Structure formats: structure tokens, C-alpha cells
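A look at the structure
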Amino acid sequence: LTSDLPRTHDMTITLTNTTTLQKDMLRCVSCGKEYPSESVRHICECKEPLEMGLFSGKVRSGGSVWRRFRGFLPCQPSKKLSIFEGDTPGVKAKKLSKEFGVELVLKNETVNPTWSFKDRGTLLSLQRAMDIGVKKVGTVSTGNMGVSVSAYCKRAGLDPVVLVDHDISNEKLNQIAIYGGTVIKVSGDYGDLYYESLKIGKNKNIYFSNSNSPYRIEGYKTISFEIEERSLPDYVVIPTSSGGLFRGVLKGFVEMEKSGILDRMPVPICVQAEGCSPICRAFDSHEKKIKRWHDPDTIASAIANPYPPGGEEVLRKLDDHNGICTTVSNDEMISAQLKIASEGIFSQPASAVGVAAVEKLREKEEIEEGAEVVSIITGSGLKHLFPRPTEHLEFSCDISDLKDLFEKSRKDEIE
Ligand SMILES: [Zn+2]
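Owing to the predicted nature of the structure, the values given are computational and were not obtained by experimental measurement.

Our focus in this paragraph is the coordination of the zinc ion. Each protein donor to the zinc ion is listed here as Cys28 (SG), Cys31 (SG), Cys44 (SG) and Cys46 (SG); together their distances run 2.3 to 2.4 Å. What the four donor atoms of the zinc ion show is an angle range of 102 to 125° at the metal, which sorts the shape as tetrahedral. Mapped onto the sequence, the residues coordinating the zinc ion show the spacing C-x2-C-x12-C-x1-C. The pair formed by Cys44 and Cys46 is uniform in burial state, with each residue classed as buried.

Next up on the list: the layout of surface pockets. Of the volumes computed, that of the largest pocket is approximately 540 Å³. Val40, Arg41, Leu198, Gly201 and Lys202 are, among the 22 residues lining the largest pocket, the residues nearest its centre. Elements with a minimum of two residues in the lining of the largest pocket: α6 (190-204) and β9 (207-208). Ranked by residue count, the leading element in the lining of the largest pocket is α6, at five residues. Across the lining of the largest pocket, the residue classes tally to ten nonpolar, five polar and seven charged.

So, on to the nonpolar core. Ile238, Val249 and Phe253 are the most contacted members of the largest nonpolar core, which totals 72 residues. Counting residues in each nonpolar core, the second largest holds 33 residues, with Val237, Ala352, Ala356 and Ile377 among its members.

Overall, antiparallel pairing links the three strands, which are arranged β2-β1-β3 in an open sheet. Two strands close off the open sheet at either side, each with one partner strand: β2 (34-36) and β3 (50-52). Taking the axes of each pair of neighbouring strands and ignoring which way they run, one obtains an average angle of 35° across the sheet. In this structure, strand β1 (residues 25-28) lies alongside β2, joined through three bridges in antiparallel fashion.

Definitions and limits used
Counting from 1, residues in each chain are numbered in the order their sequence is written. Restriction of local features to residues with pLDDT of at least 70 applies here, the model being predicted, together with a cutoff of 80 or more for giving and counting side-chain atom pairs; totals for whole chains, interfaces and linings are based on all residues. Only hydrogens and water are removed before side-chain values are computed, so all heavy atoms of the structure are retained for them. Coordination here is defined by N, O and S atoms within 2.8 Å of the metal (3.2 Å for Na, K and Ca), and since water is not considered, a site can look incomplete. Only two sets of limits are used to name each site, 85 to 135 degrees for every angle of a tetrahedral four-donor site, and over 155 degrees for opposite donors with all other angles from 65 to 115 for a square planar four-donor or octahedral six-donor site, with any other site named irregular. Working definition: with a 1.4 Å probe on protein chains only, accessible area under 20% of the residue-type maximum means buried, over 50% means exposed, and in between means partly exposed. Using a grid of 1 Å spacing that covers the protein atoms alone, one calls a set of points a cavity when a 1.4 Å probe fits there but cannot get out, and a pocket when the set is open and has protein on both sides within 12 Å along at least five of seven lines; lining residues are those with an atom within 4 Å of a point. Grid points are joined across faces, edges and corners, and a volume is the space filled by probe spheres set on the points. What counts as a helix is a DSSP run of H or I of at least four residues, what counts as a strand is a run of E of at least two, and both are numbered from the N terminus. Charged residues are taken to be Asp, Glu, Lys and Arg, nonpolar residues to be Ala, Val, Leu, Ile, Met, Phe, Trp, Tyr, Cys and Pro, and polar residues to be all remaining types, Gly included. Nine residue types can take part in a nonpolar core, namely buried Ala, Val, Leu, Ile, Met, Phe, Trp, Tyr and Cys, and a core is a set of them joined through side-chain atoms within 4.5 Å. Two strands are said to pair when DSSP picks up at least two bridges between them. Geometry is summarised by axes, namely lines fitted to C-alpha atoms with helices restricted to the contacting stretch, and by angles between N-to-C directions that run from 0 to 180 degrees.

Right under this line is the structure:
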């Protein structure tokens, strides 16, 4: 896992017009090289991600998000595979809206079947694998995707291989284990693991449903469709690691604009953890290339990719859409996690970065007062049960002393 695969593409290559791409083709987001969609490739020879062309269409009424936006999707998930992913609520955060001076909505992805947004992408990616007769599936994961891919593989009757980071939390490991499959804990550079897995996949005929799989991106688009149906915000805040979610959400909005469903684009906000923020570092120094982040140090393990495979495309998209890129510290995300809990939602620290970013950007007045903001709460706090808040009240007593304890606390309250 020590191999370093430098990206060899030439940034001066002009992008061809993506709207002319047949939607059943895959095209490199950087050099424009095209591949047939029946290819199981995820990345171009130049190492940048492949993406499907832009879809356009009309929205149907009724049914799940997969049916309403059927015309925008490369395949229709079967009932045999789907376990009701997506159609998550946008929860008005009344307290936080007042505190920050914005209209804040929390897009609650924790209610997906395996408690994170990954299920939307896994569904389409695994549907694709089944449609082309794949027999072996794998993924590279810090946890969320491993759980999701394991669940859908189990449902499809496949045994997945899940390559996880060696310091994966017990909560996440237990969730993967319950679904079965093979877990390989890997130490070394997590960014390299992505490329290594694709090489192994090619040699051993394993379909790796990784963060940047083109079909995954198509699944993540459904988040933007649902956001638009509720109310088009001024800003969409996206926790970003490998760049798959960011790219999917942006692609959804672009396709809706192209189809005349939107007449403006929300401003995308890419948020990374301060202790591992290669995309924001490049953005701040106006670099077009991502440099590897050495020694990641953050509690937000779910978004700690030191060498994100879609990072350069995220930079280009931020540029195209006047986006914002910002980082938050461990303390800021823990504080935000508690604030999100005050609205009734238990998010992972990695998912709380969005709300922490909104607070910061309001202080710096980069988000104007009264703006409508949607922050995507990407995954559940149950996947990451530390740190335990220290501020909450906690007592222990024997059952025989319980009455006294209540008497005492009532007396304290009166005093
Ligand atoms: Zn390329």
C-alpha cells in the first residue's frame, strides 16, 4: 500500500462540453476521454474519476425519489434490492436558525437504511453490478460505506470484501460484521488504498463500489432532487472527503437547472476537518492540484481522506459555481454535534462539520443574514459513540436511595 500513483493528467486540457456526451457513456471529468458505460472502470487512465453524462428530464409525481426522478437516473433499482433509501426529511432547525441568523434546514440522512447517505449510492452501484452479472463486490471504507455495501450485498446474495482503516471504530466494525462478508483491516495511507483496491479489483475480477464509482454519484444526486422539492436554498453545505457526495449533489442541481426545473444554483459549501483538509488547502492557495495530506489528525474519521480521488474535480466545481471551502476543528465539530442534538438529531462528528461551518461563515459574514441554508447530516452518531459529552448531568445510586436522590435534587432546585 505504499505505492504512490501520481496523477499524470495535464490540467491545461480543455473540457469538452459534457452536455453532448451520450448518457450511457462514461467520461473522464478532467481529460474528457470516453469509455463505454458497460465498462466497470471508475477512473480514467489519467487517474481522475469517470462520470456519466448530464441527464435531463421531467419530474413525475408520486412514488419514491427513484420513481419521481426516474428520467435522471441511469438504471431503475429493483424492489429485490431496494430497502427504502432516500426520501429523508429536511428538518427545520428553529433554535440554530435563531442563533445563527439564517433559515437552517438539516437534511437528515441518518434515517437511511444503514444510517448514512451512502445507501443512495450503494443502491445504484449494486444494481449496476447485478445488471452486468458481477459475482464479487468489494469496497474501501472508513466504515459508513462498508456497512452500506455489506447490507446491500447480503440482500443481493453476494459476499463483499470490505477494506477498512485499521483504526475503524468498534461500532462500525460490528455493523459490518452483522451483515457478514470479509473485513480486511489495512494500515497505511487511506488515499492509496483506493487506487490499490481498483488494481486488485481488475486483477481478481472484484467490482469495487468505492466512493467515486460513477453510479454512486448518480445515486447521490437524489439528495439535491429532494432538497429542491422542499425549497431551493441559497446554500448547500456538504461534508467532503473523497468528493463523491459533493460531486453527486452538484450534478443533481446542474441537471435540474439544465432541465428548467431551477432558474438558479445554490452556492455549494465544501467542508473538511481541519486535521485533514487537502481540498481546502488547495482551494485557499489557488492550486488546481491536490497534494497529499500527511498525518491526518481528526476525530472525523469518516471524512479523513488524505488524498481524495475526486478532489481536483471538487476544486473545479467550486470554481465553476462560486463555491466556498472551509475547515472546522475537532472542538467546533463536537460543539456542533451538541447543537444538532438540541434539534433532536444525533449526528456523527464528521456529519456535524456542516453546522459548525455555518456558524463560522456567519461570524465571518460569508453567509448573509436570513439566507436559506441546507446542511447535509450525512450519518448517524450511533456509528461513532465518542466523545461522550461531559456537560450532561449524571448520577448513580442504589435503588433504595433513589427516593432520597429525587428529594435532594428537588430541594436543590428550590434553593
Ligand atoms: Zn482522464
